[in-house]
Amino acid sequence: MFPKGLTCSGSAASVLLIGLLVALGTNLERVSGDAGLVHRRFEYKYSFKPPYLAQKDGTVPFWEYGGHAIASSENVRIAPSLRSQKGAIWTKQKTNFDWWEVEIVFRVSGRGRIGADGLAFWYTAEKGSYLGDVFGSSDQWVGLGIFFDSFDNDNKHNNPYISAVLNDGTRQFDHQNDGSTQLLSGCLRDFRNKPFPTRAKIEYYNNILTVLFHNGMTNNDQNYEMCFRAENVVLPKTGYFGLSAATGGLADDHDVFHFLTTSLHIPGQFKEEPAPGEDAAKLTQEYQDYQKKLELQKEEYRKEHPDEQKDDLDSLFEDFNERELRQIWEAQTNTFEQLRTLSSKLDEVIGRQERTLGLLSVSAQAGGAAGGAPPPQIAVGGGAAGGSSIMRHEVDALLQNQNVMVQTVREIRSIIGEVHARTDSILSNQARAPTAQVQAGGYDVQSLMNEMRDGMNQVRQGVAGVAQRLQTHGAVPQAQGSVQCPTQNCLSLTAFLVATVVQLLVMLGYSMYRDSREAQAKKFY
């Protein structure tokens, strides 16, 4: 945020951006090798990688593509999984270094067990075609072609195969033999339908061509293995990098995610130069002009606002100590608020507990007055006390009785449900059971009553077991002097059985009435 009178122009921002790119481009990494130190320099003008691989207009910076190739923000699809598709992507300008290393991250995937035709890496003196005959590029090239061939044209069952072929511009590629008659070197590696993207690292240094391959079975970026190494390989001094792909009767998706180029320089021969002379001088002059303009604007602002002190601007920002104190104070304030909330919740819980104990004490006194003398109570200290408080063991006994009652109610509910289920099954089986089938003279009432009698006996046994369990669980609390359930409000066994029998008889009568109506209705048909 600038004060009034201070502005940041777009040209100055672009100058800073260009300066940052130049600084990144001139960043050097020294790696120790067998023959000494090799100077490595990342070449961004011969590379692409996500994100924002393609711009909004679909172009890839410093590259140009054609044919059926498609560029997106994450990858470049050289050839899609359609029949007879071809595409390629090439750098816009030639290289200005002799030795190089290229790392390619790609994926070749398709639905079939066999794919076609494959992907190709190019380093040639001139750009190839976008719809050529050799994996989507031109034949009779001058330079190097490394082919990731996925289709077996010679029926030798040696595909997918990685091969390197040199050409001086006079030979045509031998498609029938998959280039085996022109092969420089190669290796048999499967690169189709891998769980992770496959990688290839191609290095050309001191006329030695080395190809390393990552099979895409792990996510480890450094899990490379040697494919081949060829010596006395002579390539053009300068050339274009390119990638191409093609499909035939079978089709695969050929996607390239990264193309990273690093220039290699012989120790002692690399001179660190900031940039070409004209560009370096122009950037330096623009930077100095921007600095002078900024200082002039600051001076004019001070003259126009003499009353404003420098401390006014500094007061808008806090230093490290103030920030640390503010953070400590905020943490302590939040802790205090949490403690106060917990204290209020604890007071509320204690209040509810006291009210509950008071209600239990009143209930105990009322029960003692109705039965005669109140039960003796033991104080916390161990002596006898005639106060109105309820003891801990009495509360435990009351809770135990309540749990037993809840369990008993659940068992009674399950028994009632079982009775309903048995009744429904009896009514549903009347039409097909041998003992309850509909006959000309009416229902077999005797068999039906036998079944009902068996069901009622089982229900009576279940209720008796529940009652016995209630007596067993209630013996201990009664011995401890706990508050008992009023007997006049409890449901007796006889009342429960009478209600169950009445319900069964009503359901049976309704069923017989419904079936008789249906039988009378059938006489009209």
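Predicted, not measured: the structure shown is a model, and the values here were computed from it.

Novice: Quick question: what am I supposed to make of the overall build of the protein here?
Specialist: Per the secondary structure count, the protein includes seven helices and 18 strands. When each of the 525 residues of the protein is scored for burial, the buried share is 33%. Within the protein, contacts between residues at least 6 apart in sequence are counted, and of these 67% link residues at least 24 apart. In the structure as shown, the protein presents an accessible area of about 33,100 Å², 55% of it carried by carbon and sulfur atoms.

Novice: I would appreciate a short explanation of the state of the cysteines in the present structure.
Specialist: A covalent bond bridging the sulfur atoms of two cysteines is what the word disulfide describes. If you walk through the whole model with that rule in mind, you get one disulfide. There is a disulfide in this structure between Cys187 and Cys227, and the S-S distance comes to 1.8 Å. Of note, the bridge from Cys187 to Cys227 carries an S-S torsion of about -95° and is left-handed in sense. Separated by 40 residues along the polypeptide, Cys187 in strand E11 (residues 183-188) and Cys227 in strand E14 (residues 225-231) bring together distant segments of the chain. Across this residue pair, the class does not change: Cys187 and Cys227 are buried.

Novice: Looking at this structure, I do not really get the sheet that holds strand E3 (residues 63-67). What am I missing?
Specialist: In a beta sheet, neighbouring strands are held together by backbone hydrogen bonds and run either parallel or antiparallel to one another. What the seven strands build is an open sheet, ordered E3-E6-E15-E8-E9-E10-E11; its pairing is antiparallel. Each edge of the open sheet carries a strand with a single partner, namely E3 and E11. Each strand of the sheet is rotated relative to its neighbour by a mean of 15°, with strand direction disregarded. By the bridge criterion, five bridges tie strand E10 (residues 161-168) to E11 in an arrangement that is antiparallel. By the bridge assignment, Ile162 is partnered in E11 with Cys187.

Novice: What is the right way to read the confidence of the model for the protein from this model?
Specialist: When pLDDT drops low, the exact placement of atoms in the prediction is not to be read closely. Looking at the protein, pLDDT values average 78 and 74% of them are 70 or higher. Low pLDDT, under 50, characterises residues 1-35; the stretch is placed with 39 contacts to residues that sit more than four places away or in other chains. Between residues 475-483, whose pLDDT stays under 50, and residues either more than four places distant or in other chains, the model counts 10 contacts.

Novice: In this structure, what is going on with the nonpolar core? I would like to understand it.
Specialist: Of all hydrophobic cores here, the largest spans 47 residues; its most connected members are Phe48, Trp100, Phe106, Phe121 and Phe241. A per-element tally of this core places strand E7 (residues 99-109) first, with six residues. Excluding its chain neighbours within four sequence positions, the residues that come into contact with Phe106 are Leu119, Phe148, Phe191, Pro197, Thr198, Arg199, Ala200, Phe213, Asp255, Val256 and Phe257.

Novice: I would appreciate a short explanation of the pairing of strand E8 (residues 118-124) in the present structure.
Specialist: Looking along a regular strand, one sees side chains alternate from face to face of the sheet. By the criterion of burial, E8 is predominantly enclosed, with seven of the seven residues buried. The alternating pattern of E8 places Gly118, Ala120, Trp122 and Thr124 on one face and Leu119, Phe121 and Tyr123 on the opposite face, and all of these are buried. Pairing between E8 and strand E15 (residues 240-246): seven bridges, direction antiparallel. Paired with Trp122 across the bridge in E15 is Gly242.

Novice: Explain the side chain of Arg40 here, please?
Specialist: By the element assignment, Arg40 lies in strand E2 (residues 37-42). For Arg40, a relative accessible area of 17% translates into the label buried. A polar side-chain atom of Arg40 sits 2.6 Å from a polar atom in the side chain of Glu101.

Novice: Hey, could you run me through unusual backbone geometry in this one?
Specialist: Negative phi characterises most residues that are not glycine, and trans characterises most peptide bonds. Residue Pro51 is reached from Pro50 by a cis peptide bond, and omega for that bond is -5°. That bond from Asn159 to Pro160 is cis: its omega, 0°, falls within 30 degrees of zero. Relative to the elements of secondary structure, Pro160 occurs in the loop between strand E9 (142-149) and E10. Of note in the backbone geometry, His157 takes a positive phi value of approximately 55° without being a glycine. Looking at where His157 falls in the secondary structure, it is placed in the loop between E9 and E10. According to the relative accessible area criterion, His157 is exposed, its value standing at 75%.

Novice: Before we go on, may I ask you to explain the packing of aromatic side chains in this structure?
Specialist: Describing an aromatic ring pair means giving the distance of the ring centres and the angle of the ring planes. Considering all chains together, one arrives at 25 aromatic pairs under this definition. On the basis of an interplanar angle of 65° and a centroid distance of 5.4 Å, the ring pair of Trp122 and Phe147 is categorised as edge-to-face. One end of the pair, Trp122, is in strand E8; the other, Phe147, is in strand E9, with 25 residues separating them in the sequence. Members of the aromatic cluster, connected to one another through ring pairs, are Tyr46, Phe48, Trp63, Phe97, Trp99, Trp100, Phe121, Tyr123, Tyr204, Tyr205, Phe241 and Phe259.

Novice: Explain the pattern of salt bridges to me, please; I cannot follow it from the model alone.
Specialist: Applying the stated rule across the entire model yields 18 salt bridges. The salt bridge partner of Glu43 is Arg41, with a shortest N-O separation of 3.8 Å. Residues Glu103 and Arg199 are paired through a salt bridge, measuring 3.4 Å at the closest nitrogen-oxygen approach. With Glu103 in strand E7 and Arg199 in strand E12 (residues 198-205), the pair connects residues that are 96 residues apart, well separated along the chain. A relative accessible area of 18% means that Glu103 is categorised as buried. When salt bridges with common partners are traced through the structure, they connect Arg77, Asp253 and Asp255 into a single cluster.

Novice: What's the story with the environment of Ser81 in this structure? I'm lost.
Specialist: Its location among the elements puts Ser81 in the loop between strand E5 (76-79) and strand E6 (86-91). The class for Ser81 is partly exposed, based on a relative accessible area of 37%. As for Ser81 and Gly110, which are separated by 29 residues in sequence, their C-alpha atoms are 7.0 Å apart. Not counting residues up to four positions away in its chain, the partners in contact with Ser81 are Ala251, Asp252 and Asp253.

Novice: Whenever I open this one, the side chain of Thr261 confuses me. Can you help?
Specialist: Examined against the element boundaries, Thr261 turns out to sit in strand E16 (residues 253-265). Polar side-chain contacts of Thr261 include one of 2.7 Å to the backbone oxygen of Tyr46. Sequence-distant contacts of Thr261, defined by excluding residues within four places in its chain, comprise Arg41, Phe42, Glu43, Tyr46, Ser47, Phe97, Glu101, Val102 and Phe241.

Novice: How should a nonpolar patch on the surface be read in this particular structure?
Specialist: Residues Val498, Val502 and Val506 make up a contiguous nonpolar surface patch of roughly 260 Å² in combined accessible area. Assignment of secondary structure puts Val502 in helix H7 (residues 493-522). In this structure Val502 comes out as partly exposed when scored by relative accessible area, which is 45%.

Novice: Got a minute to help me understand the environment of Ser163 in this structure?
Specialist: The topology assignment puts Ser163 in strand E10. Take Ser163: its relative accessible area is 4%, and that puts it in the buried class. Setting aside residues up to four positions removed in sequence, Ser163 forms contacts with Gly145, Ile146, Phe147, Leu183, Ser185 and Gly186.

Conventions adopted
Residues numbered from 1 in each chain as written. Predicted model: local features only at pLDDT ≥ 70, side-chain atom pairs only at ≥ 80, totals over all residues. Heavy atoms only, no water. Helix = DSSP H or I, 4+ residues; strand = E, 2+ residues; numbered from the N terminus. Buried < 20%, exposed > 50% of the residue type's maximum accessible area, 1.4 Å probe, protein only. Contact = heavy atoms within 4.5 Å. Areas by Shrake-Rupley, 256 points an atom, 1.4 Å probe, with all protein chains shown as cover. Disulfide = S-S within 2.5 Å. Pairing = 2+ DSSP bridges. Axes fitted to C-alpha atoms, helices over the stretch in contact; angles between N-to-C directions. pLDDT = per-residue confidence, 0-100. Core = buried A, V, L, I, M, F, W, Y, C linked by side-chain atoms within 4.5 Å. Polar contact = N/O pair within 3.5 Å; in protein donor to acceptor, adjacent residues only side chain to side chain. Phe/Tyr/Trp six-rings, centres within 6.5 Å; stacked < 30°, edge-to-face > 60°. Salt bridge = Lys/Arg side-chain N within 4 Å of Asp/Glu carboxyl O. Patch = residues over 30% accessible without salt bridge, like charges linked within 9 Å, V, L, I, M, F, W, Y side chains within 5 Å.

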